[in-house]
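The chain contents come next:
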Amino acid sequence: MPILKFSLFDKKRREKRLSSGIKNTYRIISKNIIGICHISIEGRYFVCTNDGTYKFTDDSYIIKKNKPFYCQQIIDGKRVQIQELGTLHISNEKTYLPFAPGIICVGDIVYNETYKLTLFRLKDTYIDNSSDIAKDAWYFFKDNYEIIRNNIEKKL
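> I would appreciate a short explanation of the sheet that holds strand β10 (residues 117–126) in the present structure.
The strands that make up a sheet are held in pairs by hydrogen bonds between backbone atoms, and each pair lies either parallel or antiparallel. Taking strand neighbours across the sheet as the criterion, the five strands line up as β3-β2-β1-β9-β10 in an open arrangement whose pairing is antiparallel. Both outer strands of the open sheet, β3 (53–54) and β10, are each paired with one neighbouring strand and no more. Examined bridge by bridge, strand β9 (residues 104–112) and β10 share nine bridges and lie antiparallel to one another. Looking at β10, one finds that Ile 109 is bridged to Phe 120. Docked against the sheet, helix α1 (residues 132–143) engages β1 (26–39) and β9, running at close to 60° with respect to β1.

Here it is in structure tokens:
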């Protein structure tokens, strides 16, 4: 008689991130910087800080254990935050990420020695409903949702 396994995830199978073989080395420029996540009409995420505007590092896209992450779709006119996840997962830009437009991001400004770029390395996120800049970033995403989603679909 066949036995069915009702486990949602197979613990033996682990997803591996494809690597280009190049190890990124970062030099920290500023620690514990607070910024706000934004998205362009083309579907590119970036963070605005008092010091400037920065793209996220590649490792900022990894959902870390017991850290919040956010659905990238608007559901019933609202953003969805998910709090609990037991393991590390590679995020999917179409469905969920550790950040979202209008979310406060805490992290370090780093310099990528390999590609000669200054980037933002995400450490943590939270929601601040009193920030007008965060509200503007959220409303921009919400008002241009269809165009942004189509542009994300095209680039993936």
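On we go from here.
> Teacher, can you tell me more about the sheet that holds strand β8 (residues 96–97) here?
Across the sheet, which stays open at both edges, the three strands sit in the order β6-β5-β8 with antiparallel pairing between neighbours. Strands with a single pairing partner mark the edges of an open sheet, and in this sheet they are β6 (81–82) and β8. For strand β5 (residues 69–71) and β8, the ladder comprises two bridges, and the chain directions are antiparallel. By the bridge assignment for β8, Cys 71 is matched with Tyr 96.

> It is not clear to me how the confidence of the model for the chain should be interpreted in this structure. Could you clarify?
Detailed reading of predicted coordinates is not advised where the pLDDT is low. Confidence along the chain averages 82 in pLDDT terms, with 77% of residues attaining 70 or more. In this model, residues 1–21 is a region of pLDDT below 50 whose contacts with residues beyond four sequence positions or in other chains number five contacts.

The rules behind the values
- Residues numbered from 1 in each chain as written.
- Predicted model: local features only at pLDDT ≥ 70, side-chain atom pairs only at ≥ 80, totals over all residues.
- Heavy atoms only, no water.
- Pairing = 2+ DSSP bridges.
- Helix = DSSP H or I, 4+ residues; strand = E, 2+ residues; numbered from the N terminus.
- Contact = heavy atoms within 4.5 Å.
- Axes fitted to C-alpha atoms, helices over the stretch in contact; angles between N-to-C directions.
- pLDDT = per-residue confidence, 0-100.

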